Amino acid sequence: MQILMRCVMAFTVAAEALSPRQPAPRSTIAERVPKLTRGSTWTPVSSVRINFRTYHPQGMVKIGGTLFVSSVEVTVPTRALPQPAGGYDRDTGEGVGHLFKLDMKGNRIAEIRLGEGAAYHPGGIDYDGTHIWVPVAEYRPNSRSIVYRVDPETLKATEIFRFADHIGAIVHNTDDHTLHGVSWGSRRFYRWTLGDDGRVTNADTPPEKLRTLNTSHYLDYQDCKYLGGRRMLCTGVTEMRQAGDAPLFRLGGIDLIDLDVGRPLHQVPVLLWTAGGLDMTHNPVWIEASEKGLRGYFMPEDDQSTLYTFDVETK
């Protein structure tokens, strides 16, 4: 009996050690998000102060009781440059791309720096059950990006490919063995195929031949996650003014996107703001299934960030 108990205990310890690497049932989230409405009540669970300078957080994944947050540190700001077509671009500026590993009490466990030269802006990130996917771009639209695959245990980063546009968020479609990215402001969708060696097979294809236009103009996506069944969950913000000199109003929201056609299946605003008026989905977001619905983790603020947790019922 003692030998049997030791074996059971050893198996339990091993299972608990492995459990942080196992992703939540993401397909459950895809089934529950369409039940969210403008009237859904998000109930506060906790708010935890992050115990280090976070700079400008961008994306977040939660693996067990550990968070991974991408962030951009700007050392020399960019500046707007007028363009003949009436749009704008930016000079490159200077900065550092970070991927932080932290516990649920807001303590930094480790970090790595990602990027190269003017490409120092990490975007929204995804976790596929094995690796974290991180795009790092120049801090301007219509620029270039480097996409990394990161081991969450060792934080070893592997460059997978480079691309001639700003990729602001990326997900790994594990059903089709493809990657899907969104551009600056999420106005364009991209799809890349992965070969048996884990490398992208069409990275050299000109962007204009790979892109499809986002038909929704409701949100600028900041963070995206793959949910299975060729569906992607994106969170973000829309900014508006009643007049040119009026105060800026920010409205956050969630989009569930069909990756086969590049169109939202469900869109819903998230009527949550910080005490300072910042929308909760402004930057990193992680959403997981809970007992009665969904639990959301939000980190909207720069530099001195707080991790806000809310529950919402969908049953």
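Thresholds applied
- Residues numbered from 1 in each chain as written.
- Predicted model: local features only at pLDDT ≥ 70, side-chain atom pairs only at ≥ 80, totals over all residues.
- Heavy atoms only, no water.
- Phe/Tyr/Trp six-rings, centres within 6.5 Å; stacked < 30°, edge-to-face > 60°.
- Helix = DSSP H or I, 4+ residues; strand = E, 2+ residues; numbered from the N terminus.
- Buried < 20%, exposed > 50% of the residue type's maximum accessible area, 1.4 Å probe, protein only.
- Core = buried A, V, L, I, M, F, W, Y, C linked by side-chain atoms within 4.5 Å.
- Contact = heavy atoms within 4.5 Å.
- Patch = residues over 30% accessible without salt bridge, like charges linked within 9 Å, V, L, I, M, F, W, Y side chains within 5 Å.
- Areas by Shrake-Rupley, 256 points an atom, 1.4 Å probe, with all protein chains shown as cover.
- Salt bridge = Lys/Arg side-chain N within 4 Å of Asp/Glu carboxyl O.
- Pairing = 2+ DSSP bridges.

S.K.: Would you mind going over the packing of aromatic side chains in detail, with residue names and values included?
M.R.: In the structure shown here, the tally under the stated rule is 10 aromatic pairs. Taken together, a centroid distance of 5.0 Å and an interplanar angle of 55° make the contact between F161 and W192 tilted. Of this pair, F161 sits in strand β12 (residues 157–163) while W192 sits in strand β15 (residues 188–193), placing them 31 residues apart in sequence. As far as burial versus exposure is concerned, F161 and W192 are alike and both buried. Seen in terms of ring centroids, F163 and W192 are 5.1 Å apart; in terms of plane orientation they differ by 80°. Their pairing is edge-to-face. Of the two residues, F163 is situated in strand β12 and W192 in strand β15; the sequence distance between them amounts to 29 residues.

S.K.: Any chance you could break down the nonpolar core for me, citing the residues and the numbers?
M.R.: Core analysis: the biggest nonpolar cluster contains 28 residues, and M60, L99, I132, V134 and V150 have the highest contact counts within it. Contributions of two or more residues to this core are made by β2 (56–63), β3 (66–76), β6 (94–103), β7 (108–114), β10 (132–138) and β11 (145–150). The contacts of L99, once residues within four sequence positions are left out, are F68, V69, S70, A110, E111, I112, L114, I125, V134 and V150. By size, the runner-up hydrophobic cluster in this structure holds 20 residues, among which are V268, L272, F298 and F310.

S.K.: Explain a nonpolar patch on the surface residue by residue, including any values.
M.R.: Together, M240, F249, L271 and W273 give the surface a local cluster of nonpolar side chains, amounting to about 360 Å² of exposed area. For W273, the position within the fold is in the loop between β20 (263–270) and β21 (285–289).

S.K.: Which residues make up the pairing of strand β22 (residues 293–298), and what values do they have?
M.R.: Taken residue by residue, a regular strand's side chains alternate between the two faces of the sheet. The buried fraction of β22 is high, at 5 of 6 residues. With 5 bridges joining them, β21 and β22 adopt antiparallel strand pairing. Across the sheet, V285 pairs through a bridge with F298, a residue of β22. Hairpin connection of β21 to β22: 3 residues between the antiparallel strands.

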